[in-house]
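Spelled out from the first residue to the last, the chains are:
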Amino acid sequence: MKSLEEQRKASAKLLSYGLCMTYQIEEKNIDIVHNCFGKPFFKEFRDIFFNIAHCENGVAVIFSDRRVGIDIEKVREYNVFSARKVFDEFEMD
């Protein structure tokens, strides 16, 4: 998956599949709008929360009955200097 357009298509397919399999909602019945912070939500299904993430080689979609977030990153070589910036001593051990 290389282009942003390919990522958007893949995330739309995952979103549609998840809605159909989990909530029996057909793609034609969904209208996505955004709040003032840019967070997407379903206009007609306010009790279904979702989030989408993509990176260079992947797409992830998550659904919940509560506010939810997801993130994916490209796996890179371990860098102790970067780890020390974000982990405390217990986590580093």
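Reading guide: rules and limits
As a convention, each chain's residues are numbered from 1 in the sequence order in which they are written. Where local features are concerned, this predicted model is filtered to residues with pLDDT of at least 70; where side-chain atom pairs are given and counted, the filter is 80 or more; whole-chain, interface and lining totals use all residues. Excluded from the side-chain calculation are hydrogens and water; included are all heavy atoms of the structure. Numbering of helices and strands starts at the N terminus; helices are DSSP runs of H or I of at least 4 residues and strands are runs of E of at least 2. Whether two residues touch is decided by their heavy atoms; if any such pair falls within 4.5 Å, the residues are in contact. Stacked, tilted and edge-to-face are the three classes applied to pairs of Phe, Tyr and Trp rings, where Trp contributes its six-membered ring and a pair requires centres within 6.5 Å; stacked means planes under 30 degrees apart, edge-to-face means over 60, and tilted covers the rest. Burial classification: accessible surface area is computed with a 1.4 Å probe over protein chains only, and a residue below 20% of its type maximum counts as buried, one above 50% as exposed, and the rest as partly exposed. Excluding any residue in a salt bridge, patches collect residues exceeding 30% relative accessible area, merging like charges within 9 Å and nonpolar Val, Leu, Ile, Met, Phe, Trp and Tyr side chains within 5 Å. Note that accessible areas follow from Shrake-Rupley with a 1.4 Å probe, and for residues the cover is restricted to the protein chains shown. A carboxyl oxygen of Asp or Glu within 4 Å of a side-chain nitrogen of Lys or Arg is what we treat as a salt bridge. The sign given to each residue is positive for Lys and Arg and negative for Asp and Glu; His and the chain ends receive no count. One atom stands in for each charge, and that atom is NZ of Lys, CZ of Arg, CG of Asp or CD of Glu. Following DSSP output, two strands are said to pair if at least two bridges run between them. Here a polar contact is recorded for every N or O atom pair within 3.5 Å, except that within protein the pair must consist of a potential hydrogen donor and a potential acceptor, and residues adjacent in sequence are included only if both atoms are side-chain atoms.

A. The environment of F49, seen in detail. Considering the arrangement of structural elements, one finds F49 in strand β3 (residues 49-55). Considering only alpha carbons, one finds F49 and R66, 17 residues apart in sequence, at a separation of 6.0 Å. Discounting chain neighbours no more than four positions away, the residues touching F49 are I62, F63, S64, D65, R66, R67 and V68.

B. Up close: the packing of aromatic side chains. If you walk through the whole model with that rule in mind, you get 2 aromatic pairs. Taking the centre distance of 6.0 Å and the plane angle of 65° together, the rings of Y23 and F63 count as edge-to-face. Linking Y23 in helix α1 (residues 4-23) with F63 in strand β4 (residues 58-64), this pair joins segments that are 40 residues apart in sequence.

C. Layout of unusual backbone geometry. Of note, the phi angle at Q24 is positive, near 55°, even though the residue is not glycine. In this fold, Q24 is placed in the loop between α1 and β1 (32-34). Given the relative accessible area of 59%, Q24 is considered exposed.

D. Spatial organisation of a negative patch on the surface. A cluster of acidic residues, D88, E89, E91 and D93, forms a negative patch on the protein surface. Along the polypeptide, D93 turns up in the segment after α3 (89-92).

E. Looking closely at the environment of G58. If you trace the backbone, G58 turns up in strand β4. Accessibility expressed as a relative area gives 13% for G58, which makes it buried. Distance in space between the C-alpha atoms of G58 and E73 is 8.5 Å, their sequence separation being 15 residues. Those residues in contact with G58 that sit more than four places away from it in its chain are A53 and I72.

F. Molecular detail of the pairing of β4. Both β3 and β4 contribute to a ladder of 7 bridges, which runs antiparallel. By the bridge assignment, C55 is partnered in β4 with G58. Counted between consecutive antiparallel strands, the loop separating β3 from β4 contains 2 residues.

G. Highlighting the side chain of N51. Following the sequence through the fold, N51 ends up in strand β3. A residue is classified by how much of its surface remains accessible, and N51, at 12% relative accessible area, is buried. Engagement of the side chain of N51 in a polar contact is seen with the backbone nitrogen of I70, the distance being 3.1 Å. Discounting residues that sit within four places of it in the chain, N51 has contacts with K39, A60, V61, I62, V68, G69 and I70.

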